[in-house]
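Residue strings, one per chain:
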Amino acid sequence: MGKSVGEIELDLTLNDNGFNKAVNSITGMAKTVGKTLAAAFAIDKLVGFSKECLDLGSDLAEVQNVVDVAFGPTVSKKINSFAKSAAQSFGLSETMAKKYAGTFGSMATAFGFSQDQAADMSTQLTGLAGDVASFYNISQDEAYTKLKSVFTGETESLKDLGVVMTQTALDSYAMANGFGKTTAQMSEAEKVALRYSFVQNQLSNAAGDFARTSDSWANQTRILALQFDSLKASIGQGLINLFQPIIVQVNTLLKKLVGLSEAFARFTGLLTGKKTSDNGVADTAAMAAKAGTNMSGAAKSASALTKNTKAAGKAAKKAAKEMFGLASWDELSNNTSSK
């Protein structure tokens, strides 16, 4: 028997409700999957960002060590101040500026220049590297490598910059600029001082180029990238401060576990007869005692590791609140899940 009009309408309504429920269910599942994928991508980005910060922070710490050794605790402050403003003045990140200045300073002191003299030379050459890179449209590292010729005496690398530093050219410059003698009569330090003055004179057109063209699109985007790198390096140093004690504890724990495993290997070797000894019983007892000591030390290290990990977690949570103004990680999670 055929259905009445009312039955057909009721059937369509029921089917429509079922269809809507199915669509809503699929939509809900899609939203859940979307949130999960978004969270996964966010975590991946966060991990990648953290690694970049740690790498940059570590690089900055390493070049800082070179600066401190090359210039000493007093003069290094001058280099630190110079490096802080290098992005705006010369298009160099803080890490680049300290790396270049540290190397130039080490080379200068090796030739007998005082730390103050080395600081003046290194900052001038480092700034010139940034200007040369801007003027000749080359990388800062390439410019830095070419300018090391001031100390090494190489001539080929400077020719690309229009600087022909032959002995004849140096002798002529020396006699015309108050050096009073030719290179054949100079000490190695005097030759460095001559090349330093000569190269600065030959590259005078490039000097100050970055500052002159700092408003250009290329240099503004370079400054933006350098400042962002400096930000990441600072964050990285903060993360290193948080997690370095944990790494120390992990290394201590692993060292004790390695000692424990070696003692266990020797102990089992004695039991199985694979290794013989004139005093097997005493050796076995000693191995057992050493194993017990190492196990106890490993347990203590593990306990210390747990405490340091908790402390680092609390510090990181507190830092996050201060940076982003969050009430708590739980509130962030709840707000996210409720959307």
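For the structure, see preceding data.
Colleague: Can you explain the packing of helix 3 (residues 94–110) against helix 4 (residues 115–136)? Please cite residues and give values.
Modeller: Following both chains from N to C, one finds helix 3 and helix 4 inclined at 135°, their axes separated by 8 Å at the closest point. Taken together, the axis directions place helix 3 and helix 4 in an arrangement best described as oblique. When the axes of helix 3 and helix 4 are compared, the crossing they make is right-handed. Residues A97, Y100, A101, F104, G105, A108 and T109 of helix 3 lie in contact with helix 4, whose contacting residues are A118, M121, S122, L125, T126 and A129. Taken together, the residues of the contact of helix 3 with helix 4 sort by class into 9 nonpolar, 4 polar and no charged.

Colleague: So what's going on with the packing of aromatic side chains? Residues and values would help.
Modeller: Evaluated as defined, the whole model comprises 7 aromatic pairs. A ring pair is formed by F111 and F151, whose centres lie 6.4 Å apart and whose planes are at 25°; its orientation type is stacked. You can see F111 sitting in the loop between helix 3 and helix 4 and its partner F151 sitting in helix 6 (residues 149–152), a full 40 residues away along the chain. According to the relative accessible area criterion, F151 is buried, its value standing at 4%. Clustering of aromatic rings is evident, with ring pairs tying together Y100, F104, F111, Y144 and F151.

Colleague: If you had to explain the nonpolar core to someone new, which residues and values would you point to?
Modeller: Nonpolar side chains in soluble globular proteins generally cluster together in the buried interior. Of all hydrophobic cores here, the largest spans 44 residues; its most connected members are F71, V132, F151, V199 and L203. Of all elements in the fold, only helix 1 (5–84), helix 3, helix 4, helix 5 (140–147), helix 6, helix 8 (167–176) and helix 9 (188–202) reach the threshold of two or more residues within this core. The element best represented in this core is helix 4, accounting for 8 residues. Those residues in contact with F71 that sit more than four places away from it in its chain are S76, I79, A101, G102, G105, Q115, A118, A119 and S122.

Thresholds applied
- Residues numbered from 1 in each chain as written.
- Predicted model: local features only at pLDDT ≥ 70, side-chain atom pairs only at ≥ 80, totals over all residues.
- Heavy atoms only, no water.
- Axes fitted to C-alpha atoms, helices over the stretch in contact; angles between N-to-C directions.
- Helix = DSSP H or I, 4+ residues; strand = E, 2+ residues; numbered from the N terminus.
- Parallel < 35°, antiparallel > 145°, perpendicular 65-115°, else oblique.
- Left-handed = near helix turned anticlockwise from the far one by under 90°.
- Contact = heavy atoms within 4.5 Å.
- Nonpolar A, V, L, I, M, F, W, Y, C, P; charged D, E, K, R; others polar.
- Phe/Tyr/Trp six-rings, centres within 6.5 Å; stacked < 30°, edge-to-face > 60°.
- Buried < 20%, exposed > 50% of the residue type's maximum accessible area, 1.4 Å probe, protein only.
- Core = buried A, V, L, I, M, F, W, Y, C linked by side-chain atoms within 4.5 Å.

Read these as spatial facts, not as claims about activity.
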